[in-house]
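Overview (structure and organization)
Chain by chain, the residues:
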Amino acid sequence: MNPHPTTPQTAALESLMSLLGSVKKALRHELQDGAEPAVAPMLLRMLQLCQRHPGITQQGLAQQTSRDKGQVARLIKELLDLGLLSKEEHPEDRRSHRLLPTPAGVAKVRRFEQAEAGVAELLFGALGAADLRALTEQLGALKQRVEERLPSGEAG
């Protein structure tokens, strides 16, 4: 007898976790460029936010991503070290810096968005518009239910 019985809910969670792992692998595969090692998708997501919000601050990134300031600082440092992000003094607050993607960073974001589009097509290309809307609503509702159970400040 199985000491850890599987319920339909835990089976669904296992399937979801397995799917998310496969999606991460597919995204990494899409990002592989034989000439250079792939940049981690989390870094590319941060860089994408910097491109979508030119001049965003480190604090702004922490708020946008619901990540702690220390983790955001490490990610920004890595992007700066890779030459994908630049920072300039904030004109209104000398204690903070505005973050801007470099031309190389813009190219990486463009490649990341192409890779995301490829994986999205693989996952959802066979679904019609109504099914996609329903799936998106269900995923949003699931996220909200999880976030309602998290301590304040940990939702994201």
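Note that the structure is a prediction, hence the values are computed from the model and not measured. Every chain is numbered independently, its residues counted from 1 as its sequence is written. Two thresholds apply to this predicted model, a pLDDT of at least 70 for residue-level local features and 80 or more for giving and counting side-chain atom pairs, whereas whole-chain, interface and lining totals are computed over all residues. Each side-chain value is derived from all of the structure's non-hydrogen atoms; neither hydrogens nor water enter the calculation.

Structural notes on helix H2 (residues 41–52)
Short version of the rule: Per the convention used, a helix needs a DSSP run of H or I reaching at least four residues, while a strand needs a run of E reaching at least two, with both numbered from the N terminus. Multiply 1.5 Å by the residue count of a helix minus one, and that product is the helix's expected span. The classification of residues rests on relative accessible area computed with a 1.4 Å probe and restricted to protein chains. Under 20% of the type maximum is buried, over 50% is exposed, and intermediate values are partly exposed. Residue contacts are counted whenever heavy atoms from the two residues lie within 4.5 Å of one another.
When the terminal C-alpha atoms of H2 are compared, their 16 Å separation across 12 residues agrees well with the 16 Å that a helix rising 1.5 Å per residue should span. Every buried residue of H2 is listed here: Leu43, Leu44, Met46, Leu47, Gln48, Leu49 and Cys50. Looking at the buried positions of H2, the neighbouring elements they touch are helix H1 (8–31), helix H3 (58–65), helix H4 (69–81), strand S1 (85–89), strand S2 (97–101) and helix H5 (103–124).

Examining the environment of leucine 80
Secondary-structure assignment places leucine 80 in helix H4. Of the residues examined, leucine 80 reaches a relative accessible area of 26% and is grouped as partly exposed. When near neighbours in sequence (up to four residues on either side) are disregarded, leucine 80 contacts Leu85, Ser86 and Lys87.

Side note on a nonpolar patch on the surface
In plain terms, the rule: Candidates for patches are residues over 30% relative accessible area with no salt bridge; among them, like charges are joined within 9 Å and nonpolar side chains (Val, Leu, Ile, Met, Phe, Trp, Tyr) within 5 Å. For the accessible areas, the method is Shrake-Rupley and the probe is 1.4 Å, while residue cover comes only from the protein chains on display. The salt bridge criterion pairs a side-chain nitrogen of Lys or Arg with a carboxyl oxygen of Asp or Glu, the two atoms within 4 Å.
On the surface, a nonpolar cluster with roughly 660 Å² of combined accessible area is contributed by Leu13, Leu16, Met17, Leu19, Leu20, Leu123, Phe124 and Leu127. Mapped by element, the contributors of at least two residues to the nonpolar patch are H1 and H5. No other element matches the five residues that H1 contributes to the nonpolar patch. By the secondary structure assignment, methionine 17 is in helix H1. The exposure class assigned to methionine 17 is exposed, which follows from its relative accessible area of 53%.

Purely geometric stuff here, so don't read any function into it on its own.
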